Amino acid sequence: MKISKILVKNKSINYPILIGSNIIGQLKKNVIQVCPKLKKVALIIDKNIPFHLKKRIKNQFKNYDLFSYEFFVTENLKSFNKVNLLAESLLKNNFNRNDIIIAVGGGVIGDFAGFAASIIKRGINFINVPTTLLAQADASIGGKTGVNSKIGKNLLGTFYQPKLVLTELLFLKSLPKREIVCGYAEILKHSIIHDPIFFKWIKKNTENIIKKKNISVLNYAVIKSCKIKNFYVTKDEHEKGDRAKLNFGHTFAHAIESVNNYSKNINHGEAVLIGMLLASKLSLKKMVCSKLTYEKIKDVYDSEKLNYVVKKNFLKKNLNNIAKYMISDKKNIDKRINLILLIRIGKTTEPGKIKISLKNMKKILKKII
C-alpha cells in the first residue's frame, strides 16, 4: 500500500500527515527531515502497544539519547500532576527545543504528550504516532492538547501543532472491537456534518470497519476523515468559527464523560455516539432538521446495533449533573450552552446560533433521553 500524504497548512501551520500500512519503519527518516538537529528523543508510549511495534520504533532511535516512558492509559493520565512529573524528568535530562517528544498511542497519549511538549521551555518538537482509530481519524489532527479539570474535560490546554503525524494502520489490527467503535464514532461524525456521500459509504462499509478491520477500507476511512478535519482546522486553527462544527455531539459527550468520572464504563467514542444521537433528537425537536434526516442517523445506530452504548438509566439518573457539566463546556462564552445542531446530512447550524440556558437544558434532557 502506498503512503498517502495530507498537508496541514495555513499561515501558522505546516506539517504532513503520512498514512499507510507497514510504514512505521520510515519514522526516523521523516523525523530527521523535520527535526534535523535533534539529539534527545522522549517516547511517550501506551503500554498496550504490541511489543514488536514498540521495538521497531525504539530501534530506530538507539543512536540518540533515548528516554522511554510507558503508561497504562486512562483519562486520569490527563492531569497537571502527571504532566508536571514528565516535564520535570525531561528538564532534568536537559531536553531543549531541538529535541523531540514522540507520542505513540491514542488520543489520551497525544493530548498528554502534546501538552507537555507545548509548555516545556515554551515549546519543544512534538511528533504524533496515533495508534487508535479515533486518534488516526480525528484526535491527532489540529493541534489541540490538554488535560482534564475537576470542572470538566479538556478545560486546561493549548493549541500546539506537531511537526509530523505518522499513521501506521497496522496498529489497528490489535485493537478490540470497542476501540474500533470508538474511532468509528468520530468518522461517522465527520460524514454527518460535512459529506452525505461519505455518510452513505460508511453505512455500506461499517461491517468492514468494525468487525473485519479491513485495512484498505480503514485506509480510505482514515484518509477521508483526516481530509474533512483538515478542511476545518486550516480554516480555523484556534476554533473561533467553523471549526466548532466538529463539536457536533461533543458538548453532550464531554458532560457524560465527566459525570462518569472518565471511567471505562463509557469511553470517549461511546459518549460521542450518545451525544450525536441526543443532538440529532434535539435538532428534530427544535425543527432544525427533518424527521427523515433524524431517521437516517437512527437507522445507522439500529442496523449496526450501536444503541448498546446509549445507557438510558445512567443518563436519566445523572440528568441534572450532565446539564451542569454542559454549562461549564469551554465553548460557552456566556451563561448559556452553545450547541451545534444538524440541519441535514452534510450541514449543521452555525457556531453560536443555538444557545440554551441551564434551566431549559434540564427540561430538554428529560424529553430526549
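Our structure's up above, just so we're on the same page.
Here the structure is a predicted model, which means the values were calculated and not measured. (Residues numbered from 1 in each chain as written. Predicted model: local features only at pLDDT ≥ 70, side-chain atom pairs only at ≥ 80, totals over all residues. Heavy atoms only, no water.)

A. Summary view of helix 2 (residues 51–60). Every buried residue of helix 2 is accounted for by L53, K54, I57 and Q60. Taken end-on, helix 2 shows its buried residues confined to a sector of 130 degrees, consistent with a single buried face. For helix 2, the exposed residues lying more than 90 degrees away from the buried face are F51 and H52. (Buried < 20%, exposed > 50% of the residue type's maximum accessible area, 1.4 Å probe, protein only. Helix = DSSP H or I, 4+ residues; strand = E, 2+ residues; numbered from the N terminus. Arc of directions from axis to C-beta.)

B. Broad picture of the side chain of T206. Looking at the secondary structure, you find T206 in helix 7 (residues 196–210). What makes T206 buried here is its relative accessible area of 1%. At 2.6 Å, the side chain of T206 forms a polar contact with the backbone oxygen of I202. When sequence neighbours within four positions are dropped, the list of residues in contact with T206 reads Y184, K211 and E304. (Polar contact = N/O pair within 3.5 Å; in protein donor to acceptor, adjacent residues only side chain to side chain. Contact = heavy atoms within 4.5 Å.)

C. The pattern of salt bridges, seen in detail. Counted according to the given criterion, the structure contains 21 salt bridges. The partner of K54 in a salt bridge is E70, with the nearest N and O atoms 3.1 Å apart. On the criterion of sequence distance, the pair formed by K54 in helix 2 and E70 in strand 4 (residues 65–71) is long-range, its members being 16 residues apart. Residue classification places K54 among the buried positions, given a relative accessible area of 10%. For K224, the salt bridge identified is with D195, shortest N-O distance 3.2 Å. Taken together, the residues span a long stretch of sequence, with K224 in helix 8 (residues 215–235) and D195 in the loop between helix 6 (177–194) and helix 7 at a distance of 29 residues. Residues joined by salt bridges that share partners form a network here, namely E75, K78, D111, K153 and E257. (Salt bridge = Lys/Arg side-chain N within 4 Å of Asp/Glu carboxyl O.)

D. Main features of the packing of aromatic side chains. Evaluated as defined, the whole model comprises eight aromatic pairs. Arranged with centres 5.4 Å apart and planes meeting at 65 degrees, the rings of F67 and F95 form a pair that is edge-to-face. Pair noted here: F67 is in strand 4 and F95 is in the loop between helix 3 (80–92) and strand 5 (100–105), with a separation of 28 residues, a long-range link. On the basis of an interplanar angle of 25 degrees and a centroid distance of 5.8 Å, the ring pair of F198 and W201 is categorised as stacked. (Phe/Tyr/Trp six-rings, centres within 6.5 Å; stacked < 30°, edge-to-face > 60°.)

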